[in-house]
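Inside the fold
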Amino acid sequence: MGRKLKALGLLATAVLTLGIVGCSSEGASGGGGGDLDVGIVLPTKDEPRWVQDETRFKDALADSDYTTEILFSQGSSAKEKENVETLISKGMDVLIIAPHDGTAAGSAVEAAKDEGITVISYDRLITDTEAIDYYVTFDSVAVGEAQGQYLVDNADGTGVPLYLYAGAASDNNAFLFFEGAWNVLQPKIADGTFVIANSSEAEALKDKADLSREELGSILGQVTTNWDPSEAKNKAETHLTSAGSDLKGDVSILAPNDGTARSIADVFATDGAISDYTITGQDAEKASIQYIIDGKQSMTVFKDVRTLVTDAMGMAVDVLDGNTPETTATYDNGSMEVEAKQTDVIVVDQDNVKAELIDSGYYEASEFSGLE
Ligand code: BGC
């Protein structure tokens, strides 16, 4: 179910920003007597990534005239459906939803669609349903490509052991991230730069540049973290226990996001036979920014959540005003081509962490120690 290219050119962010300024507001209080304009459903409070999104929504909505409500699904599709039903009962006009499980969320959005509600899939694509109007997302294949490229750029010599980890197979993004990483890593596995250390499924497919969804699924099935730092830790421990000395020394690690990267990095850091490691991440979580400053995590892919929030609310406001939101791409969700607005990502490591995340005003310098 790969991404379909239909680049329509970049939209000026300012246009959407203007769409929000002066007309949005937070409200866990939404629905107080009147109709709810926008309902927002996020997957879990247990991962800093989604708490970041909540914060950025609240910031963007601080002075709004629109009523909004944000609910968390706590990693449960049943809770997610209940959240959507609650918001429907409050008269919501537009639903912005990042699904816990992309396929299971189908029935929740179908219930919304039946009520004439406009559905915007947020960050994660809802699959195998026609009940989606729009998708706002980062360029997830580019996220994986950036991770893969970082490993390639930092690998010395040949035969570098490569440990692969992936996100949850219930999340369409996990496929896109891995597909992107594979685009860059596979030629470097084929030419002997890397040796796959922990996946017989990836090893069996190492000569194939383009993997089918099923093939990607077979690798994910073996190296998934389920987006869970403890599962990532356990897997990394098992892998290092069974790895011979030829798979230790200086190694490269594809970790799919910051939460899993920190726990995998901690495991590799305590193995005496690992002399050095390069490890990827994504989300620019505060804890990982500190890890990067401290040299414990090599990079992160910064996905500026402010832009995603602006895009999602810009779309919602367009819909509420009776206008058609502008889109820049389409994504095949297995049932339909979904009109999407896609945002670029930025690679951050020790060299540019201050410029990209502090000087840009995303985080405060006082939140970190050891920052130059
Ligand atoms: C998001 C990532 C996040 C991961 C785990 C993905 O769908 O795009 O930013 O780290 O889910 O929550």
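Residues numbered from 1 in each chain as written. Predicted model: local features only at pLDDT ≥ 70, side-chain atom pairs only at ≥ 80, totals over all residues. Heavy atoms only, no water.

1. Description of the layout of surface pockets
Rolled over the atoms, a probe sized like a water molecule indicates the empty space that remains. Considered as a void within the structure, the largest pocket measures approximately 390 Å³ in volume. As for the largest pocket, its lining consists of 22 residues, and the residues nearest its centre are Asn154, Asp276, Tyr277, Thr278 and Ser298. At the level of elements, strand E7 (160–164), strand E9 (249–254) and strand E10 (274–279) are the ones that each hand at least two residues to the lining of the largest pocket. Roughly 270 Å³ of internal volume is contained in the second largest pocket. Along the walls of the second largest pocket sit 19 residues, with Thr44, Asp46, Glu47, Asn226 and Trp227 positioned nearest its centre. (1 Å grid on protein atoms, 1.4 Å probe; cavity = no way out; pocket = protein on both sides within 12 Å on 5 of 7 lines; lining within 4 Å. Points joined across faces, edges and corners; volume = space filled by probe spheres on them. Helix = DSSP H or I, 4+ residues; strand = E, 2+ residues; numbered from the N terminus.)

2. Quick notes on the side chain of Thr224
With respect to the helices, strands and loops of the structure, Thr224 is situated in the loop between helix H8 (213–223) and helix H9 (229–242). A polar contact is formed between the side chain of Thr224 and the backbone oxygen of Gly167, at a distance of 2.7 Å. With residues near it in sequence (within four places) discarded, Thr224 still touches Ala166, Gly167, Ala168, Ala169, Glu231 and Lys235. (Polar contact = N/O pair within 3.5 Å; in protein donor to acceptor, adjacent residues only side chain to side chain. Contact = heavy atoms within 4.5 Å.)

3. Describing the site of the ligand
Glu47, Arg49, Asp123, Asp171 and Asp283 are the nearest of the 13 residues found near the ligand. Trp50 places a side-chain nitrogen or oxygen 2.9 Å from an oxygen atom of the ligand. With respect to the ligand, the side chain of Asp123 contributes an N or O atom lying 2.7 Å from an oxygen atom. Here the ligand occupies the largest cavity. Among the elements of the structure, helix H2 (48–60) and helix H6 (172–190) are those that each provide at least two residues to the shell around the ligand. Residue-level mapping places the shell around the ligand at the junction of two domains, with at least three residues from each of domain 1 (2–132 + 304–344) and domain 2 (140–302 + 351–355). (Near = heavy atom within 4 Å. Sits in = over half its atoms within 2 Å of the grid points. Domains from an automatic or database assignment.)

4. What to know about unusual backbone geometry
Phi angles above zero are rare outside glycine, and Gln74 is one such case at about 50 degrees. Checked against the element boundaries, Gln74 lands in the loop between strand E3 (68–72) and helix H3 (77–89).

5. With respect to the nonpolar core
Residues Phe57, Ile96, Tyr122 and Leu357 are the most contacted members of the largest nonpolar core, which totals 34 residues. It is helix H12 (residues 305–320) that contributes the most residues to this core, 7 residues altogether. A domain-level breakdown of this core finds at least three residues from each of domain 1 (2–132 + 304–344) and domain 2 (140–302 + 351–355). With residues near it in sequence (within four places) discarded, Ile96 still touches Val38, Gly39, Ile40, Val41, Phe57, Ile120, Tyr122, Ala312, Met313 and Ala316. Among the nonpolar cores identified, the runner-up in size contains 33 residues, and Phe177, Phe194, Ile219 and Trp227 belong to it. (Core = buried A, V, L, I, M, F, W, Y, C linked by side-chain atoms within 4.5 Å. Buried < 20%, exposed > 50% of the residue type's maximum accessible area, 1.4 Å probe, protein only.)

6. What to know about the pattern of salt bridges
Scanning the model with the defined rule gives 20 salt bridges in all. The residue Lys79 makes a salt bridge to Glu82 at a minimum N-O spacing of 3.7 Å. Pair noted here: Lys79 and Glu82 are both in helix H3, with a separation of 3 residues, about one helical turn. Classification of Lys79 as partly exposed rests on a relative accessible area of 32%. Between Asp171 and Arg124 there is a salt bridge, with the nearest N and O atoms lying 3.1 Å from each other. Taken together, the positions of Asp171 in the loop between E7 and H6 and Arg124 in the loop between strand E5 (118–122) and strand E6 (134–138) put the pair 47 residues apart, joining distant regions of the chain. Considered together, Asp171 and Arg124 belong to a single accessibility category, that of buried residues. What emerges from the salt-bridge pattern is a single network uniting Arg49, Asp53, Asp123 and Lys303. (Salt bridge = Lys/Arg side-chain N within 4 Å of Asp/Glu carboxyl O.)

7. Quick look at the packing of aromatic side chains
Counted under the stated rule, the structure contains 8 aromatic pairs. Ring centres 6.1 Å apart and planes at 75 degrees place the aromatic pair Phe177 and Trp227 in the edge-to-face group. One end of the pair, Phe177, is in helix H6; the other, Trp227, is in the loop between H8 and H9, with 50 residues separating them in the sequence. The class of Phe177 is buried, set by a relative accessible area of 5%. Residue classification places Trp227 among the buried residues on the basis of a relative accessible area of 9%. Consider the rings of Phe178 and Trp182, whose centres lie 6.2 Å apart with planes at 20 degrees: the pair is stacked. Here Phe178 pairs with Trp182, and both are found in helix H6, just 4 residues apart, close to one helical turn. Since its relative accessible area comes to 3%, Phe178 is described here as buried. The buried category is assigned to Trp182, whose relative accessible area is 2%. The aromatic ring of Phe175 is capped on one face by Arg213, whose charged end is 3.8 Å from the ring centroid. The side chain of Lys296 reaches across the aromatic face of Tyr291, ending 4.3 Å from its centre. (Phe/Tyr/Trp six-rings, centres within 6.5 Å; stacked < 30°, edge-to-face > 60°. Lys NZ or Arg CZ within 6 Å of the ring centre and 35° of its normal.)

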